[in-house]
Each structure stands twice: as C-alpha cells, then as structure tokens.
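Examination of the molecular architecture
Listed below, chain by chain, are the residues.
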Amino acid sequence: AYVLVAEDNHINQQVISELLQGVGVEVCIANNGREAMDLVEQLNFDVVLMDIQMPEMDGITATTHLRKNPRFANLPIFALTAGVTPDERERALACGMNGFLAKPIEINLLLETLTKIIPPKSENSADYVTVKVIKNNQHTDNPELQLPGFDFYNLIHILNFETIINLLIEFQEDAIDTMDQIKSKLSQGFIFEAERQVHRLKGMAGTVGAINLYEATEKLDSELKKGEYQDKSLSGFITAYQATMETLDQLFAKHKPKVINNQQAQEI
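Please read all numbers here as calculations on a predicted model, not as lab measurements.

Each helix and strand counted, the protein has 11 helices and five strands in total. When each of the 268 residues of the protein is scored for burial, the buried share is 49%. For the protein, the share of sequence-separated contacts (at least 6 apart) that also reach a separation of at least 24 residues comes to 66%. Total accessible area on the protein is roughly 13500 Å²; 49% of this is exposed by carbon and sulfur atoms.

Here the idea is simple: oppositely charged side chains can pair when their charged atoms come close. Throughout the structure, instances matching the rule amount to seven salt bridges. A salt bridge links E144 to K254, with the nearest nitrogen and oxygen atoms 3.3 Å apart. Of this pair, E144 sits in the loop between helix 6 (125-136) and helix 7 (161-175) while K254 is found in helix 11 (residues 231-267), placing the two residues 110 residues apart along the sequence. Assessed through its relative accessible area of 28%, E144 is described here as partly exposed. Across the salt bridge formed by D221 and K202, the nearest N and O atoms sit 2.8 Å from each other. Residue D221 is found in helix 10 (residues 211-224), and its partner K202 is found in helix 9 (residues 191-208); the two are separated by 19 residues along the sequence. What makes D221 buried here is its relative accessible area of 0%. Here the residues in one salt-bridge network are E195, K202, D221 and K225, joined through shared partners.

Two pairing modes exist for strands in a sheet, parallel and antiparallel, and in both the strands are linked by backbone hydrogen bonds. Spatially, 2-1-3-4-5 is the arrangement adopted by the five strands of the open sheet, whose pairing is parallel. Unpaired on one side and paired on the other, strand 2 (26-30) and strand 5 (99-102) mark the two borders of the sheet. Between one strand axis and the next, the sheet turns through 25 degrees on average, direction left out of account. In terms of strand pairing, strand 1 (residues 2-6) meets strand 3 (residues 47-51) through four bridges, oriented parallel. The partner of V3 across the bridge, within strand 3, is V47. Against the sheet, helix 1 (residues 10-21) engages strand 1, strand 2, strand 3 and strand 4 (77-81), with an angle of about 165 degrees to strand 2.

Once that is clear, we can look at the packing of helix 1 against helix 7. One way to put it is that helix 1 packs onto helix 7 with a least axis distance of 10 Å and a crossing angle of 160 degrees. With respect to helix 7, the axis of helix 1 lies roughly antiparallel. Crossing hand, helix 1 versus helix 7: left-handed. In this structure, helix 1 uses H10, I11, Q14 and V15 to contact helix 7, whose residues at the interface are T163, L167, E170 and F171. Broken down by class, the residue content of the contact of helix 1 with helix 7 amounts to four nonpolar, three polar and one charged.

In this structure, L20, L49, F152, L168, F171, L213 and F237 are the most contacted members of the largest nonpolar core, which totals 61 residues. In terms of residues, this core owes the most to one element, helix 11, which gives nine residues. Each residue touching L168, except ones within four places of it in the same chain, is listed here: F150, F152, V208, L248, L251 and F252. Counting residues in hydrophobic clusters, the runner-up holds 26 residues, among them M50, I60, A62 and M97.

Turning to the packing of aromatic side chains, a few remarks are in order. Scanning all chains against the criterion turns up three aromatic pairs. Taken together, a centroid distance of 5.4 Å and an interplanar angle of 15 degrees make the contact between F150 and F152 stacked. The exposure classification of F150 matches that of F152, with both residues buried. Where F237 meets Y241, the ring centres are 6.1 Å apart and the plane angle is 50 degrees; that geometry is what we call tilted. Of this pair, F237 and Y241 are both found in helix 11, four residues apart, which corresponds to roughly one turn of the helix.

How each quantity is defined
- Residues numbered from 1 in each chain as written.
- Predicted model: local features only at pLDDT ≥ 70, side-chain atom pairs only at ≥ 80, totals over all residues.
- Heavy atoms only, no water.
- Helix = DSSP H or I, 4+ residues; strand = E, 2+ residues; numbered from the N terminus.
- Buried < 20%, exposed > 50% of the residue type's maximum accessible area, 1.4 Å probe, protein only.
- Contact = heavy atoms within 4.5 Å.
- Areas by Shrake-Rupley, 256 points an atom, 1.4 Å probe, with all protein chains shown as cover.
- Salt bridge = Lys/Arg side-chain N within 4 Å of Asp/Glu carboxyl O.
- Pairing = 2+ DSSP bridges.
- Axes fitted to C-alpha atoms, helices over the stretch in contact; angles between N-to-C directions.
- Parallel < 35°, antiparallel > 145°, perpendicular 65-115°, else oblique.
- Left-handed = near helix turned anticlockwise from the far one by under 90°.
- Nonpolar A, V, L, I, M, F, W, Y, C, P; charged D, E, K, R; others polar.
- Core = buried A, V, L, I, M, F, W, Y, C linked by side-chain atoms within 4.5 Å.
- Phe/Tyr/Trp six-rings, centres within 6.5 Å; stacked < 30°, edge-to-face > 60°.

Have a look at this one:
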C-alpha cells in the first residue's frame, strides 16, 4: 500500500513512518496541506493521513480543494489530530474527510483502520500484517525506559532503544524554550498564538510517550481554544513540563554521549 502522511512535525513524521513501514506500507511525507495537494495530484495513494493544523495550508483547506476534483472524490482521507473540538470535527467531516485518527497514534487502531479501507494486494496481505504486529509485540520491557511521567507502549513496538533515545533528544531540543514562549504569549494576551504552541507541544508529547505533559497540555489547550485559561491549568502545565525535562536530563546523563558517538561513527 502507498500512504501519504501530511504532517508538519518531524517527530510525528518519523514515528508514523516507522510504524507504517514496519508493516510493509510505503510512506510519502508532506509538510503542509499545499504539499499534500501537489503530491496527491502527481501520485496514486491508497490513503491520505492529513493533519488538521499545518502551516501554509491546513488539512481542512487542502481536503476541501481535493474534493472539488472528481478524481479524488473517493480517495480515503483521515484526519490526524491531537484533539479536535466539536466544531473542528464538524468542519472536517463537512469538507469530505472520512474519519479521524487521534494523535498519539495507537498502533492497533491505525492498522485496523487501514486494513478496512485498503484492499488486500494479495491473499497473504492480512496474514503478513498480523505476523508483523505479533513480532513487534514481543519486545521485553527495558528498565531504562521505566521513567516517571512516560509510557513507551507505542514506541517500543516499532523502535529500538537507541532510536527512542534519539527521538527523545530531538523532542527536548525542539521543546526546550516552548514553556517560556507560551508564558510570554499569554502574558501579552496573545491567546491564539499561545494555543498553537501548546497544541504543537501536545502532539509531540503524546508521540514520544510523555503522558503527564500530554495530559497537562491537553487541558490547557482545550481552554485556550475557548479564548481563556485557568491559572491552575497553566501551573499544572508548567509543573509537568519541568518534571518532563528533568526526567529527560537524568536519562541523557547516562545515554546521550553514547548515542551521539554512535551517530558520529555511522557518519564517519
């Protein structure tokens, strides 16, 4: 099968790609809705997984344009979202999306959805997916990944330990100044700009298994979407953010130098 993933965040791109490629799916990445439109017009995809919030052109706008073309009237397009309001859900369905897949992606739900909408290419296709998933579920728990505030259930089924560490390094580097930026935006009254940053952080936190931070950002994000927020929600977010970064610092103190040296050795 050939799947287009329209997603602007590199961490989310990597995890979704690894998950799909692990069961034999070919993946193409679009960084925004405009790129997604261009790729759909050029290539033949079985399914499009479309993030709703993206720069340049969002997923709803891109889907609206695609549905105007009779060629793509029956192309399965599923929204990727880290949480969607009833209004956004209504707009997404109204523009022609076929359904929703929540971020962080749940491996079994994603595969169940894809096997329902993508016709088998051979008699053995369904068995192949089943065998791959069973193999991926044979990971043993790694005590190094028993971290407070984290749940790596999804990641350990598709990524090895070193790749997970590298993903967490990238996550921390991307999120390192986000809390200060959000606090600054809120202090200036820029609710919409703050909400976009909270929403983006929520998606990344969910993808890398930072469940405490994900839950705190989800609460703050839902309030900001209404144009307001409670001090309790903001302080809860700050506490979760700081605890998450401290946990990662402790993990990297033991593993980051080793991982970086392995990367450098591969480059050499």
